[in-house]
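Coordinate analysis (summary)
Each chain, written out:
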Amino acid sequence: MSNNTMAATKEDCLLQNWYIQLSNYTLPTNFIELKSSEISLLSGSDLETEDAEKIEKALLKRLDFAMRQYSGSCFVTTDYCAPIDTERFASKRGAVHSATSALKYLRKSEKVVHAAKCGDVKYLCVKPFRSFNQTREFRLFVHDGKLRAMSQYNLVRHFRRLEGIKDKYFSLAKDFIEDINWLLPAKNIVIDIYITSNDKILIIDLNEWRGSTNPLLLHSWDQDWDVELGILLMRPPMKIKGDVNVSF
């Protein structure tokens, strides 16, 4: 794979399209190609009860085989989106123990159902589940093959521990992009990463440039991308001193 396009598209960022080139930098993944009938099942299309049961049984068999390749819990997603809008993701970060549970939450996800209806889903992707520390997840903005900005990914609050290591993290990310930019599908691309406890970087996802991709703490895509913007973190809570008058 080479940087033969300027801006990454939705198609560039489908996991099956970049996994071979970047598999050394991401979690191991098993792929299950879906039949049209199985995509219909995910989309919630009306199927004859007998047909739906037969389709589900066959899909569960293949999904179970893929999940058994890993010990412990798995994270099961589609190639286009993950079921992050489900109660399972909210309570267990998406960890599932069985094919039945995995399929159940895929079918409960409005994001997955919508993507399947739009024809955006082609594969199920099975990964070993890994619990990520929220302070180590970041979104990288790569322009013309160079890291220009890095944003805190989980905007839940200010993480004080990041202040002392933010420059180190940005340097790690810059070196990482310099090493892998020749493998990326486009010169302009957004990459979600996780920095491990021993300072190794894992790719979590690739995202299209602009489009529906959230610029997070950049707030806007209207930037001078020839300038290195550095790492962006949520600010600490503001402290107000002096006399404060509050009226209701």
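Residues numbered from 1 in each chain as written. Predicted model: local features only at pLDDT ≥ 70, side-chain atom pairs only at ≥ 80, totals over all residues. Heavy atoms only, no water.

**Remarks on helix α6 (residues 110–117)**
- All of the buried residues along α6 are Val 112, Val 113, Ala 115 and Ala 116. Projected onto a plane normal to the axis of α6, the buried residues spread over an arc of 165° and lie on a single side. α6 presents Glu 110, His 114 and Lys 117 as exposed residues on the side facing more than 90 degrees away from its buried surface.
- Looking at the packing, one finds that the buried side of α6 touches α2 (36–43), β3 (74–78) and α5 (99–108). (Buried < 20%, exposed > 50% of the residue type's maximum accessible area, 1.4 Å probe, protein only. Helix = DSSP H or I, 4+ residues; strand = E, 2+ residues; numbered from the N terminus. Arc of directions from axis to C-beta. Contact = heavy atoms within 4.5 Å.)

**A word on helix α7 (residues 166–180)**
- Compared with the 21 Å implied by 1.5 Å per residue over 15 residues, the 21 Å span of α7 between its first and last C-alpha is a close match.
- Residues of α7 that are buried include every one of Tyr 169, Phe 170, Ala 173, Phe 176, Ile 177 and Ile 180, and no others. The buried residues of α7 all sit within an arc of 120° when viewed along its axis, so they share a single face. What points out from α7, more than 90 degrees from its buried face, is the exposed set Asp 167, Glu 178 and Asp 179. (Expected span 1.5 Å × (residues − 1).)

**So, the packing of α2 against helix α3 (residues 49–67)**
- At a minimum axis distance of 10 Å, the contact between α2 and α3 shows a crossing angle of 105°. With respect to each other, α2 and α3 are oriented roughly perpendicular. Across the interface between the two elements, Ser 37, Glu 38 and Leu 41 from α2 touch Ala 52, Ile 55, Glu 56, Leu 59 and Arg 62 from α3.
- For the contact of α2 with α3, the per-class residue count stands at four nonpolar, one polar and three charged. (Axes fitted to C-alpha atoms, helices over the stretch in contact; angles between N-to-C directions. Parallel < 35°, antiparallel > 145°, perpendicular 65-115°, else oblique. Nonpolar A, V, L, I, M, F, W, Y, C, P; charged D, E, K, R; others polar.)

**Quick notes on the packing of aromatic side chains**
- Counted under the stated rule, the structure contains eleven aromatic pairs.
- Consider the rings of Phe 138 and Tyr 169, whose centres lie 5.6 Å apart with planes at 80°: the pair is edge-to-face. Separated by 31 residues along the polypeptide, Phe 138 in strand β5 (residues 137–143) and Tyr 169 in helix α7 bring together distant segments of the chain.
- The class of Phe 138 is buried, set by a relative accessible area of 1%.
- The class for Tyr 169 is buried, based on a relative accessible area of 3%.
- A connected cluster of aromatic rings, assembled from ring pairs, spans Phe 141, Trp 209, Trp 221 and Trp 225. (Phe/Tyr/Trp six-rings, centres within 6.5 Å; stacked < 30°, edge-to-face > 60°.)

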